Amino acid sequence: MSSIASNIAATVRRIRDAEQIAQRSASSVTLLAVSKTKPVERLREAYIAGQRDFGENYLQDALPKIEQLAGLGICWHFIGPLQSNKSRLVAEHFDWFHSLDRAKIARRLSEQRPAALGPLNVCIQVNISVEASKSGVMPAQAAALAKEIQGLPGLSLRGLMAIPSSALDDAGQTLAFTQMRQLFEQLKPLAPQMDTLSMGMSDDLEAAVAEGSTLVRIGTAIFGDRERSLPPV
Ligand SMILES: *Cc1c(COP(=O)(O)O)cnc(C)c1O
């Protein structure tokens, strides 16, 4: 077994254990492999090991990989910050966009989404740790953005996403995840089709699953340390 295959197996085991401890049904949590900055060969290894959902943060890094792996039935998630002048590339090449935090980008993505692909699945990114520097809407603004997205034919609002501050201790982290679950429940009447709570990374997936995450975004635990960091596009 390649090390990536064994890392995926170990990560799936962590997820299944966390589901069981939380008394949630097996496979209620999706594993998103965050392959940003990783060469396409590593993604192929993950694919051979059965992985089908991949997350990318940098467009110029992701697009060649999407092209090289076309036709394999991979579900591509864009999880990084997006400048509005690059929105068309996400609308045309991705299945999901997790970091939606502005109505302007929502409208552009909806207009630019090719009809043949069906609506782009989106999550509203919430700035749950309320840090001035972070992206994401403040929790109090999420409902207004959700209403706006509900009116856009090219988008399907699937849920919420958060990246709690890495400076939080365990209790702070759990509180942030709990607040996300509560916000999700508050917004659900506005968008009953919502089924996704995108939260939890390599270091905190257990806490996220315990608080209701349905999709964990895992980079380091699958692919090892980030090799280099690219500027966001
Ligand atoms: C890099 C990244 C991850 C994965 O983080 P790890 O700690 O490496 O698992 C998850 N979500 C987002 C938005 C990221 O940028």
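Use the structure listed above.
Reading guide: rules and limits
Residues numbered from 1 in each chain as written. Predicted model: local features only at pLDDT ≥ 70, side-chain atom pairs only at ≥ 80, totals over all residues. Heavy atoms only, no water. 1 Å grid on protein atoms, 1.4 Å probe; cavity = no way out; pocket = protein on both sides within 12 Å on 5 of 7 lines; lining within 4 Å. Points joined across faces, edges and corners; volume = space filled by probe spheres on them. Helix = DSSP H or I, 4+ residues; strand = E, 2+ residues; numbered from the N terminus. Nonpolar A, V, L, I, M, F, W, Y, C, P; charged D, E, K, R; others polar. Buried < 20%, exposed > 50% of the residue type's maximum accessible area, 1.4 Å probe, protein only. Pairing = 2+ DSSP bridges. Right-handed = clockwise from strand over helix to strand, strands pointing away.

Some words on the layout of surface pockets
(1) Moving on: Considering only enclosed or pocket space, the second largest pocket measures out at about 190 Å³ in volume.
(2) Moving on: Along the walls of the second largest pocket sit Leu63, Ile66, Glu67, Trp76, Glu92, His93, Phe94, Asp95, Arg113 and Leu117, which together make up its complete lining.
(3) Moving on: For the lining of the second largest pocket, the elements supplying multiple residues, two or more each, are α3 (59-68) and α4 (87-93).
(4) Moving on: With 3 residues, the top contributor of residues to the lining of the second largest pocket is α3.
(5) Moving on: Looking at the lining of the second largest pocket, its residues break down into 5 nonpolar, 1 polar and 4 charged.

Quick look at the environment of Val12
(1) Moving on: Among the structural elements, Val12 can be located in helix α1 (residues 3-21).
(2) Moving on: For the pair Val12 and Gly154, spaced 142 residues apart in the sequence, the C-alpha separation amounts to 33 Å.

With respect to the pairing of strand β1 (residues 30-34)
(1) Moving on: The buried fraction of β1 is high, at 4 of 5 residues.
(2) Moving on: Sheet analysis places β1 next to strand β8 (residues 215-218), joined by 4 bridges and oriented parallel. Along β8, the bridge assignment pairs Ala33 with Ile218.
(3) Moving on: Where β1 lies against strand β2 (residues 53-56), 2 bridges are found, and the strand directions are parallel. Paired with Val34 across the strands is Gly55, a residue of β2.
(4) Moving on: In this fold, β1 hands off to helix α2 (residues 40-48), which returns the chain to β2; that crossover is right-handed.

Read these as spatial facts, not as claims about activity.
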